[in-house]
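The residues making up each chain are set out below.
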Amino acid sequence: MSEPPPRPDYVRIAVLEHDLLGIQPRPGTAAALIVKMRRAGTCLAHQPVDTSILGDPAPTGLCGRCGHAMVLGSDGNWTTA
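Residues numbered from 1 in each chain as written. Predicted model: local features only at pLDDT ≥ 70, side-chain atom pairs only at ≥ 80, totals over all residues. Heavy atoms only, no water.

*Asks:* Please provide a residue-by-residue account of the overall build of the protein chain, values included.
*Replies:* Assigned secondary structure in the protein chain consists of two helices and four strands. Helices and strands in the protein chain line up, N terminus first, as α-α-β-β-β-β. In terms of principal-axis extent, the alpha carbons of the protein chain reach across some 55 × 35 × 20 Å. When the 81 residues of the protein chain are sorted by exposure, 16% land in the buried category. Restricting to contacts in the protein chain with at least 6 residues of sequence separation, those with at least 24 account for 11%. Only carbon and sulfur atoms are counted for the fraction: they give 60% of the accessible area of the protein chain, which is about 6,400 Å². Within the protein chain, one finds 7 positive and 7 negative side-chain charges whose respective centroids are separated by 13 Å. (Helix = DSSP H or I, 4+ residues; strand = E, 2+ residues; numbered from the N terminus. Buried < 20%, exposed > 50% of the residue type's maximum accessible area, 1.4 Å probe, protein only. Contact = heavy atoms within 4.5 Å. Areas by Shrake-Rupley, 256 points an atom, 1.4 Å probe, with all protein chains shown as cover. Lys, Arg positive; Asp, Glu negative; His and termini not counted. Charge placed at Lys NZ, Arg CZ, Asp CG, Glu CD.)

The following block contains the structure:
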């Protein structure tokens, strides 16, 4: 028996439409929740991206998922700013 064709991921499509085209997802949907969580900076697990420039007093970055500002501590762990 052959595998069925892959099904579209409507949540991911709605989030991409918001990110790329500014189309708001329908209220009460999973996509609307994801967009609200990104705005609030409430990722379940941040993915820090180093955005430091030469001369910064401490390494700084942004979360690759929600865009929340982050700082690299002396212990080597990223924390939200």
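*Asks:* Mind laying out the pairing of strand S3 (residues 69-72), listing which residues take part and the relevant values?
*Replies:* Pairing of strand S2 (residues 60-63) with S3, which is carried by three bridges, proceeds in the antiparallel orientation. Each bridged residue has a counterpart across the sheet, and for Leu 62 the counterpart in S3 is Ala 69. Where S2 folds back onto S3 in an antiparallel hairpin, the turn is made up of five residues, including Gly 67, whose phi is positive at roughly 80 degrees. Pairing of S3 with strand S4 (residues 78-80) involves three bridges; the strand directions are antiparallel. For Val 71, the partnering residue across the bridge sits in S4 and is Thr 79. Hairpin connection, S3 to S4: the antiparallel pair is bridged by five residues, and Gly 76 has positive phi, about 90 degrees. (Pairing = 2+ DSSP bridges.)

*Asks:* Please give an account of the sheet that holds S3 that cites residues and values.
*Replies:* Here we have four strands laid out as an open sheet, ordered S1-S2-S3-S4, and antiparallel in their pairing. A single partner strand is all that each edge strand has here, and the edge strands are strand S1 (48-50) and S4. Taken over all neighbouring pairs, the strand axes of this sheet differ in orientation by 40 degrees on average, direction set aside. (Axes fitted to C-alpha atoms, helices over the stretch in contact; angles between N-to-C directions.)

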